[in-house]
Amino acid sequence: MNFTANADRGNQSSPYIFILQGFAGNCYFQVSLFMLFLFMYILTVTANASIILLVRTHPQLHTPMYWFLCNLSFLEIWYTTACVPKVLAVLLEKSQAISFLSCLLQMYFVFSLGCTEYFLLAVMAYDRYLAICYPLHYSSIMNGTMSAQLALGSWLCGFVAISAPAYLISSLSFCGRNSINHFFCDIAPWIVLSCTDTQSVELVAFIISFIVILGSCAITLVSYIYIISTILSIPSAKGRQKTFSTCSSHLIVVIIWYGSTIFLHVKPSIKESLDLTKTVHVLNTIVTPVLNPFIYALRNKEVKDAVRKVVSAA
Ligand SMILES: *[C@@H]1O[C@H](CO)[C@@H](O)[C@H](O)[C@H]1NC(C)=O
């Protein structure tokens, strides 16, 4: 059997089907994971949707920083939705099968949204840099047009960047082996099953992740170097603390996100570390998306005030 998953598939009557292995373990373990993932999913969607609603309904939160936070929450909702519902089905052993096209779409969305997250975090760091280092010019530089362009640019770049590896994967051939050792269609465990040479896919995926991660990391890092040196030059301790509180939530989100990135990318070799990668991916796709709303809601005075108002009105 030799299926080619590209345009010249023509004479193939059935599309190629993959099996997502999910997690090894007995029935009890699978059900516990199912409950945990379901709970996390509902919590993620609710918490992020609440942030979006909160920002939209409170005029005092209508600033670029909170619009970017809205973008991030919107992104997290889709990021988990691209993964978790299918994981839930896999855990129940209801539908481990996934068609080639669904797998490709899932991969495309998960990775594009992941890329967008790097860009958005960099844009948010630049926004904090302008607000802290150029407080007098901030509102004229980061106006409505500028913030809309930066937000739109992040989304566009994320989705354009992943089209190249997605296109290359769509032209791979698969023959026989179809069991993906993962809970979603991640690139590495997927392309090891291919019977064509995957070198170009690996190279393109590597170059793109290199540019996206290092580029956004550089912008974020340089912004924070300027932010921290500006904060340290503030004479009063109270002033330092007040200024730092305007960027601390973002800094925590950045540290968590890049922390899980390091875990994902620093590993001995693709083929030997698939099981480890799977565990880190749980952190990345199921745990981190739920954290952002809570970090902002618990640390930002403006968000806390808005939450308090909503709670007392209810
Ligand atoms: C994303 O940010 C832009 C610009 O700040 C804003 O206009 C837009 O409404 C945001 N999108 C979402 C979904 O919150």
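Everything quoted here is computed from the prediction, not taken from an experiment.

What counts as what
- Counting restarts for each chain, with residues numbered from 1 along the sequence as it is written.
- Only residues with pLDDT of at least 70 get local features here, since the model is predicted, and only at 80 or more are side-chain atom pairs given and counted; chain-wide, interface and lining totals rely on the full set of residues.
- Think of the side-chain values as coming from all heavy atoms in the structure, minus any hydrogens and water.
- Throughout, nonpolar core names a set of buried Ala, Val, Leu, Ile, Met, Phe, Trp, Tyr and Cys residues whose side chains join them through atoms within 4.5 Å.
- Throughout this description, buried means an accessible area under 20% of the type-specific maximum (1.4 Å probe, protein chains only), exposed means over 50%, and partly exposed covers the range between.
- Contact definition: two residues touch when any of their heavy atoms are within 4.5 Å.
- Of the two site types, the cavity is a set of points on a 1 Å grid over the protein atoms alone where a 1.4 Å probe fits but cannot get out, and the pocket is an open set with protein on both sides within 12 Å along at least five of seven lines, each lined by residues with an atom within 4 Å of a point.
- Grid points are joined across faces, edges and corners, and a volume is the space filled by probe spheres set on the points.
- Starting at the N terminus, helices and strands are each numbered in turn, a helix being any DSSP run of H or I of at least four residues and a strand any DSSP run of E of at least two.
- Pairs of cysteine sulfur atoms within 2.5 Å are identified as disulfides in what follows.

### Description of the nonpolar core
- Formed by 88 residues in total, the largest nonpolar core has its most connected members in F18, F37, M107, I169 and W190.
- Among residues more than four places away in sequence, those in contact with W190 are F18, F100, C103, L104, M107, I169, F174, I180 and C185.

### Focus: empty space enclosed by the protein
- Scanning the model with the defined rule gives 1 cavity of 30 Å³ or more in all.
- Estimated volume of the largest cavity: approximately 40 Å³.
- Around the largest cavity, the lining residues are E76, E117, V253, I256, W257, T288 and N292.
- Counting residues per element, the lining of the largest cavity draws most heavily on helix α10 (residues 248-265), which supplies 3 residues.

### Observations regarding the state of the cysteines
- Enumeration over the complete set of coordinates arrives at 2 disulfides.
- Residue C103 pairs covalently with C185 via a disulfide, S to S 1.9 Å. Here C103 and C185 share a disulfide; its torsion about the S-S bond, -95°, makes the bridge left-handed. Placement of C103 in helix α3 (residues 100-133) and of C185 in the loop between β5 (179-180) and α7 (187-191) is noted, with a sequence separation of 82 residues between them. C185 carries the same exposure label as C103, and that label is buried.
- Disulfide pairing places C175 opposite C195 at an S-S distance of 1.8 Å.

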